[in-house]
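Inside the fold
Listed below, chain by chain, are the residues.
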Amino acid sequence: MTVTTESELARPKTRDDDRPVVPWVLLETSGGPDTYRVIAEGPHPRRRTRIERTRIAGSSVVARRLPAVIAAAIATGHQKSVTAPRASGYPMRITAVPVTVGTEVLAVQVWAGASTTPVPPKPAVGTVLWPVDSHGVGLTSSVFERMIDSDRAADGWRTLPDLTRHFDHIEDRNGLLGLFDDTAEPRQWSGTVVTTGLVTRARRTLFVAAHSVGVGAARVVRAVATDVSVAHPPSPPRVSIRLLRRLPVRGGHGIGVLDLKSGLVHEWVHAGPAPLHRLVTEMAVVHPDDRAQLCAARTDLLTGTDHARTTIRIRFGVGVGGQWITVNATWVVLTRDGAPQAMVDLQLAEVSRRPRAAKAFEQ
């Protein structure tokens, strides 16, 4: 006996050629018509392949009209649809939907099929926008917040460590961090990330494509993300990550990981006591008189020194009324490969001057 599943009964077919409905295609479009690249085809990630290699471009009628429809969606910032007649069957319908941040188009979702074919559900696409001079604080969309299973329901600003704490795994983390090096040429990065499921324990695999544009302080990093969990189920959390985040740390200390080229702390392994715990979700301001000391320590670590110590003043919030907090920092180089990394150990200065507790480590 042959059993037909409900999903097989419900699978849409084109009426003119009886082929399965093609999936939506996600295109990165900011580079102009000659550089449109496919990021995803349905639930399958595509590492910037050409649109001509997707199923929607299999029809010459569609292929000829795709560039104009995509360009119109980008120019207007609104969905564009056209119907293209065919002598051999039902007319073809082409739809392009821009993915925007404000008035800026970061990507376009494209679908094409026979005019009688039901349009399949459009995959959700999240976005993150980092102005480099914001020092790693990025604007996330509400869709992206839902994807990472956060406790937010709207767009918002997140520090880089606040974002990375939502991930169990980031493919090629060094390549991602390289986007923030404003001394290098603009570059591209793409990779999968596995979410931790902080709120509902619903872990997902996301495919993220990002690129940097501009130079110096004008550089911006743009990223789009789509859920590819159907094609790539989330892998189990790595034991090493769980261990790292649960290691006992001496009381009063905050432990982070710094990308030396960009100067960004991208992960806080241990948040530390109040008010240091605010560094996970907030960007601290360094006292103007202490910035040279901080830059000198980073330069020394980049050029061969293995350890450095600084005493700097920081404060949280904006304006001039905030209280300066004196912090002692120990910097230790972890690696000197293509993306040099260092560990930073922070302690409040007034705490570090107190007599040491009898216990060497506290949970």
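The structure reproduced in this document is the subject of the present report. Not measured: the values here are computed from a predicted model. (Residues numbered from 1 in each chain as written. Predicted model: local features only at pLDDT ≥ 70, side-chain atom pairs only at ≥ 80, totals over all residues. Heavy atoms only, no water.)

1. Remarks on the sheet that holds strand S4 (residues 80-84)
If you trace the six strands from one edge of the open sheet to the other, you get S3-S2-S1-S6-S5-S4, paired in antiparallel fashion. Across the chains shown, the open sheet's two edge strands, defined by having one partner strand only, are strand S3 (44-49) and S4. Strand-to-strand twist in this sheet, taken as the mean axis angle between neighbours without regard to direction, amounts to 20 degrees. The pairing of S4 with strand S5 (residues 92-101) spans five bridges and is classified as antiparallel. (Pairing = 2+ DSSP bridges. Helix = DSSP H or I, 4+ residues; strand = E, 2+ residues; numbered from the N terminus. Axes fitted to C-alpha atoms, helices over the stretch in contact; angles between N-to-C directions.)

2. Structural notes on the pattern of salt bridges
Overall, the coordinates contain 16 salt bridges when judged by the stated rule. Between Arg 48 and Glu 28 there is a salt bridge, with its nearest N and O atoms 2.8 Å apart. Taken together, the positions of Arg 48 in strand S3 and Glu 28 in strand S1 (residues 25-28) put the pair 20 residues apart, joining distant regions of the chain. For the pair Arg 48 and Glu 28, a shared accessibility class is recorded, and that class is buried. Of the charged contacts in the structure, one is a salt bridge between Glu 41 and Arg 46, with a shortest N-O distance of 3.5 Å. A residue is classified by how much of its surface remains accessible, and Arg 46, at 28% relative accessible area, is partly exposed. Among the ionic contacts, a cluster of salt bridges with common partners joins Glu 145, Arg 152, Arg 158, Asp 162 and Arg 165. (Salt bridge = Lys/Arg side-chain N within 4 Å of Asp/Glu carboxyl O. Buried < 20%, exposed > 50% of the residue type's maximum accessible area, 1.4 Å probe, protein only.)

3. Examining the sheet that holds strand S12 (residues 205-213)
Taken in spatial order, the seven strands line up as S9-S8-S7-S13-S12-S11-S10 in an open sheet, and their pairing is antiparallel. At either margin of the open sheet sits one strand with a lone partner, and together these are strand S9 (156-158) and strand S10 (167-170). Ignoring strand direction, the axes of neighbouring strands in this sheet form an average angle of 25 degrees. As paired elements, strand S7 (residues 125-131) and strand S8 (residues 138-140) share two bridges and run antiparallel to each other. Across the sheet, the residue bridging to Leu 129 is Leu 139, located in S8.

4. Here we look at the environment of Gly 126
Mapped onto the elements of the fold, Gly 126 is located in strand S7. Linking Gly 126 and Asp 227, residues 101 residues apart in sequence, is a C-alpha distance of 9.0 Å. Those residues in contact with Gly 126 that lie beyond four places of it in its chain are Ser 141, Val 143, Phe 144, Met 147, Ala 223, Val 224 and Ala 225. (Contact = heavy atoms within 4.5 Å.)

5. Quick notes on the layout of surface pockets
The volume enclosed by the largest pocket comes to roughly 1,000 Å³. Lining of the largest pocket is provided by 37 residues; of these, His 135, Gly 263, Met 283, Val 286 and Leu 294 occupy positions nearest its centre. Among the secondary structure elements, those contributing two or more residues to the lining of the largest pocket are helix H4 (160-164), strand S15 (264-270), strand S16 (285-286), helix H7 (291-302), strand S17 (307-315), strand S18 (325-335) and strand S19 (341-348). No other element matches H7, which puts six residues into the lining of the largest pocket. Here the residues of the lining of the largest pocket sort into 24 nonpolar, six polar and seven charged. (1 Å grid on protein atoms, 1.4 Å probe; cavity = no way out; pocket = protein on both sides within 12 Å on 5 of 7 lines; lining within 4 Å. Points joined across faces, edges and corners; volume = space filled by probe spheres on them. Nonpolar A, V, L, I, M, F, W, Y, C, P; charged D, E, K, R; others polar.)

6. What about unusual backbone geometry?
Put simply, Ala 274 and Pro 275 share a cis peptide bond, and its omega is 0 degrees. Its identity as a non-glycine residue notwithstanding, His 135 has a phi of 60 degrees, on the positive side. The phi dihedral of Arg 201 is positive, around 65 degrees, even though this residue is not glycine.

7. Concerning the side chain of His 211
For His 211, the position within the fold is in strand S12. What makes His 211 buried here is its relative accessible area of 7%. At 3.0 Å, the side chain of His 211 and the side chain of Glu 28 are in polar contact. (Polar contact = N/O pair within 3.5 Å; in protein donor to acceptor, adjacent residues only side chain to side chain.)

8. Some points on helix H2 (residues 60-76)
For H2, which comprises 17 residues, the first-to-last C-alpha distance of 25 Å matches the rise-based estimate of 24 Å (1.5 Å per residue) to within 8%. Considering bend angle alone, the principal kink of H2 is centred on Leu 66 and spans about 40 degrees; proline Pro 67 follows within four residues of it. For H2, every residue scored as buried is listed here: Val 61, Val 62, Leu 66, Val 69, Ile 70 and Ala 73. Residues of H2 that are buried sit in contact with S1, S4, S5 and strand S6 (104-114). For H2, the N-terminal capping position is held by Ser 59, with its side-chain oxygen 3.3 Å away from the main-chain nitrogen of Val 61. Looking one or two residues past H2, Gly 77 carries a phi angle of roughly 75 degrees, positive in sign. (Expected span 1.5 Å × (residues − 1). Bend = angle between axes of the 7 residues up to and from the residue.)

9. A few points about the pairing of strand S2 (residues 37-41)
Across the five residues that make up S2, a large majority, four, are buried. Across four bridges, S1 lies against S2 in antiparallel orientation. Bridge pairing in S2 places Leu 27 opposite Val 38. As paired elements, S2 and S3 share three bridges and run antiparallel to each other. By the bridge assignment, Glu 41 is partnered in S3 with His 44. Turn length for the S2-S3 hairpin, with the two strands adjacent in sequence and antiparallel, is two residues, and the turn residue Gly 42 shows positive phi of about 65 degrees.

10. Some thoughts on the environment of Thr 305
Counting through the fold element by element, Thr 305 comes out in the loop between H7 and S17. Judged by relative accessible area, Thr 305 falls into the partly exposed class, the value being 33%. Separated by 26 residues in sequence, Thr 305 and Trp 331 place their C-alpha atoms 9.9 Å apart. Setting aside residues no more than four positions away along its own chain, Thr 305 makes contact with Asp 300, Val 333 and Arg 336.

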